[in-house]
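Structural overview for review
Given next are the chains, with one letter for each unit.
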Amino acid sequence: MTSPPPPPCTQFVLKVHSRCDLACDHCYVYEHADTGWRSRPRVVGEDVLAAAAGRIGEHAAAHGLTGVRVVLHGGEPLLAGPEVFRRTAELLRAALPEVCELDLRVHTNGVRLTPALCELFDALGIRVGISLDGDRAANDRHRRFADGRSSHPQVLRAVALLREPRFRHLYAGLLCTVDAANDPAAVYRALAALEPPAVDFLLPHATWEQPPDRPAGLGPAPYAAWLLAVHALWEADGRPFAVRTFDSVHRTLSGLSGLTEALGLEPVDLVVLETDGTYEQADSLKTAYDGAPATGMDVFRHSLDEVARHPGMAARQSGLAGLSPTCRACPVVRSCGGGLYAHRYREGSFDHPSVYCADLRELVDGLAARADRAAGAAGAAGAAGPGGVPVPAAPAADLAGPGLSEAQLDELALGLGGAGTVRALAASQLSLTRAMLAAVHGSSGLARSAAWELLAELDATEPAAVDAVFAHPYVRAWAARRLGGDPDAGLGPLAELAAAAAAEAGRGDTVTVPVREGILHLPTLGRLVLGRGVREARVTGGPTGWRARTDDGVVTGPDDPRWQPVRRVGLGAGRVLALEDVDPGRAAHRWPVADRLDEAEHEAWAGDLRTAADLLDRDLPGYAEGLWAGLTTVTPLRPDPAGHDVSSAARQAFGAVGIARPAGPPVLALLLAHEFQHVKLGAVLDRAELYDRGDTRVFKAFGLTPRPVGSLFQAVYAHLAVTAFWGTRVRAHRGTEGPSAAEARSRFLHWRGLTDEAVDLLAASGALTPLGHRFAAGARASVDPWLRAPTG
């Protein structure tokens, strides 16, 4: 019997430097069993970077990946220098398919972080994680320089830099290695004071042959007791930031997937790439024995598919079947997952429970007991979800809302879609967003949520106010990240949604909202920059507007000069677009977003949007009607340093497109039409299958790297509008000469030819469903008239 193919790899640790400027005594790279670092180049070379980027891009294209995460690591990665980071980002973005979003991060001890590096990371879209074990006493226990000096002041300086308003969007979170001898309350308070978006608490790497320290007098499970003490403080504070360990257990107890290799039964999809180009398994295996992570493969000779089939990778992807008999019989195995693979090592084998078995059992049981008490309290209080939406295990296409008529399907198949058709798509997307939000709440493990209860009440009495907030494109983007297990997607936005809905309803309701990284966010309304010292605000929505009282006693509102509202642009005929430059969810676009626009930039955008709207109405009325019915938000993106046009549609953000302001309104009109095609098709794909999602073949079209059938479908659908745009420009210049007429003819012939070929390729792909064939036939019907159109 043929084994099923391994899952694709979506997470990569790319080592850019193999040495470190600290001498942490708990480091698995230098202080444990593996010695591979001694023979590797200090700095990754250009050849390795180029080959690694090519392999990742090749893998993403072959498997139709919509996103990958790459963490730049070491040693200490900042020793590599700025040019390595610049080239790495450039090579990765050039290699990845257009539809694949790059989540690029660097994890550092922070000692060498400078404003100049932060500016570079800002320009390159690289987020920064910092290792910090808590207060100075806890951190100095292990994280010191080789001469014994404390690293704590330098690390705090690095975190302070990331908390500055200009860099706070780069702040990915903190990593804390647990030492049971440290005071859990002191560690928690020290980390919480730094307002991280997320904290990872890691058990120190150990095996049965090199067991962890267990301080005397702390009982048989000291690490569980330590983590449960932190959990109690975290819960009491209202979960101010994401904690992957706790969130993972809460999710698995609710039947969802885990968030970390160390917990749960999900297959591992992470690969390490060393500075010499060799592929390795998880770094944690360095604690088992010398050479344990090795695969014998490298980026020059082997694909990532070959790495995924390595026996060591397969052993970490086999779920329940790959665990020891003791683990398989354990009642908490679906939450514990047998613990981290490396921690099971004993006498040449990983077929054992974790060396932390007692701690993991006590931790899961303790969190489950707290969740049961929470559920009982919520049941007694009669908590309900907005609109009575049930909490599904995962959102499903049949929750998408009202159906489309045959005539509306025919419109969409042609690449078009009138106002009524697109409004039906928008209604289905709103229904799906509601279901996803219910799933977020249902899997949160919260005892009670005042924010959720307020949303339920407002939905019963002021449903239009709730719909106005839930329909904001980036609400669903956050919910998708949360349900997908993104450790950075905390629960704070739920209170923000309730506050925005209360403000919209104007009934006088009050809700407490966490202030994230010094900013109070109100989706659809704007943001209030309050500063680092403020942790929460009580927001009241009254008939004359909203007000907020911060935890330091200040009463404020939209008249505060620190308030940055979402600005809207009127386009005539009652049409309005939000020019969204403040919502944190706009990072859903695959390209770095622009900072807050100044007044001159905003006016320039507004003028270009109005002119572009006129051009679309005049030249592309068949596309424009649906576009104005569904497009609500334009998010400014950063320009491409190379000068290329940049635009993006985020798959989970219906109604929004991201664009770097182009040279003029005609190009802006083209980009709006092009990206909204992706938005429409994405909404269709949430409702119906157009192609076999299991088809792993790739197809080359539009001069791009080979793409899976889903990417081909998206490209064809978007270029129907591109072909029509340039065709209308040729028509407008008919009988004239000059550079504009010549450019229009050249581009029309180029895109018409490529789209014609791609439609044939799609139709003959053998991967389409009956409805997919209907869309391919519609694409052919749209392209054929342009093939007959005169170009002179």
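Further up the page is the structure itself.
Here we come to empty space enclosed by the protein. Tallying each qualifying case throughout the model produces 3 cavities of 30 Å³ or more. When its volume is computed, the largest cavity comes out at roughly 80 Å³. What lines the largest cavity is simply Lys15, His17, Ser18, Val29, Asp34, Trp37, Arg40, Gly74, Gly75, Glu274 and Lys286. Considered class by class, the residues forming the lining of the largest cavity number 2 nonpolar, 4 polar and 5 charged. Of the voids in this model, the second largest cavity is the one considered here, and its volume is about 40 Å³. In terms of lining, the second largest cavity is formed by His521, Leu522, Pro523, Thr524, Leu525, Gly526, Arg527, Val566, Glu580, Val582, Asp583 and Pro584. When residues of the lining of the second largest cavity are traced back to their parent elements, those giving at least two are strand E12 (519-522) and strand E13 (526-529). Residue composition of the lining of the second largest cavity, by class: 6 nonpolar, 3 polar and 3 charged.

Time to look at the sheet that holds strand E20 (residues 633-636). Think of a sheet as strands paired side by side through backbone hydrogen bonds, with each pair either parallel or antiparallel. Pairing in this open sheet of 5 strands is mixed, and the strands run E18-E19-E20-E22-E21 from one edge to the other. Of all the strands in the sheet, just strand E18 (567-572) and strand E21 (647-648) have a single pairing partner and so form its edges. Of the pairings in the sheet, the one linking E18 to strand E19 (residues 575-579) comprises 5 bridges and is antiparallel in character. Bridge pairing links glycine 572 to arginine 575 in E19. The strands touched by helix H20 (residues 599-619) are E18, E19, E20 and strand E22 (656-659); relative to E18, the strand with the most contacts, the crossing angle is about 30°.

Moving on, we come to the pattern of salt bridges. Under the definition given, this model contains 55 salt bridges. Across the pair glutamate 406 and arginine 774 runs a salt bridge, and its minimum N-O distance is 2.8 Å. Placement of the pair is glutamate 406 in helix H14 (residues 406-413) and arginine 774 in helix H25 (residues 770-787), with a sequence separation of 368 residues. Residue arginine 774 is classed as partly exposed on the basis of its relative accessible area of 26%. Arginine 575 is paired through a salt bridge with aspartate 617; the nearest N and O atoms lie 2.8 Å apart. In this pair, arginine 575 is assigned in strand E19 and aspartate 617 in helix H20, connecting sequence segments 42 residues apart. For arginine 575, a relative accessible area of 17% gives the class buried. Note on aspartate 617: relative accessible area 31%, which makes it partly exposed.

The subject of this paragraph is the nonpolar core. Counting 91 residues, the largest nonpolar core has Phe12, Val70, Leu72, Phe85, Leu113, Phe121 and Phe201 as its most contacted members. Within the second largest apolar cluster, 74 residues are counted, among which are Val422, Val684, Ala701 and Ala776.

What follows covers the packing of helix H21 (residues 621-630) against helix H22 (residues 665-685). Between H21 and H22, the least distance of the axes is 10 Å, while the angle of their chain directions is 65°. Taken together, H21 and H22 sit at an angle that is classed as roughly perpendicular. The element H21 and its partner H22 pack so that their crossing is left-handed. Of H22, the residues touching H21 (which contributes Tyr623, Gly626, Leu627 and Gly630) are Leu672, Ala673, Phe676, Gln677 and Lys680. Its residues assigned to classes, the contact of H21 with H22 shows 5 nonpolar, 3 polar and 1 charged.

Pairing between strand E11 (residues 509-514) and strand E14 (residues 536-542): 6 bridges, direction antiparallel. Its bridge partner being in E14, threonine 512 is matched across the sheet by arginine 538. Of the strand pairs in this sheet, E14 and strand E15 (residues 545-550) are connected by 6 bridges, and their pairing is antiparallel. Across the sheet, arginine 538 pairs through a bridge with arginine 549, a residue of E15. Connecting the antiparallel pair E14 and E15 is a turn made up of 2 residues.

About the thresholds
- Residue positions are counted from 1 within each chain, in the order its sequence is given.
- Note on the predicted model: pLDDT of at least 70 is required for a residue's local features to be given, and 80 or more for side-chain atom pairs to be given and counted; whole-chain, interface and lining totals, by contrast, use all residues.
- Remark: hydrogens and water are excluded; side-chain values derive from all non-hydrogen atoms of the structure.
- Cavities and pockets were defined on a 1 Å grid built from protein atoms only: a cavity is a group of points that admits a 1.4 Å probe but offers it no way out, a pocket is an open group of points flanked by protein on both sides within 12 Å along at least five of seven lines, and a lining residue is one with an atom within 4 Å of any such point.
- Grid points are joined across faces, edges and corners, and a volume is the space filled by probe spheres set on the points.
- Each residue is assigned to one class: nonpolar for Ala, Val, Leu, Ile, Met, Phe, Trp, Tyr, Cys and Pro, charged for Asp, Glu, Lys and Arg, and polar for all the others, Gly among them.
- We count a stretch as a helix when DSSP gives it H or I for four or more residues in a row; a strand needs E for two or more, and each element gets its number in order from the N terminus.
- Between any two strands, pairing holds if DSSP finds at least two bridges.
- Residue contacts are counted whenever heavy atoms from the two residues lie within 4.5 Å of one another.
- Structural elements are reduced to axes, namely lines fitted to C-alpha atoms, with helices fitted over the stretch in contact, and the angle between N-to-C directions of any two is expressed from 0 to 180 degrees.
- Here, a salt bridge means any Lys or Arg side-chain nitrogen found within 4 Å of an Asp or Glu carboxyl oxygen.
- Burial classes: relative accessible area under 20% of the type maximum marks a residue as buried, over 50% as exposed, and values in between as partly exposed (1.4 Å probe, protein chains only).
- We define a nonpolar core as any set of buried Ala, Val, Leu, Ile, Met, Phe, Trp, Tyr and Cys residues linked to one another through side-chain atoms lying within 4.5 Å.
- Angle categories are assigned with fixed cut-offs, so that under 35 degrees is roughly parallel, over 145 is roughly antiparallel, 65 to 115 is roughly perpendicular, and the rest are oblique.
- Left-handed describes a crossing whose near helix is turned anticlockwise from the far helix by less than a right angle; the clockwise case is right-handed.

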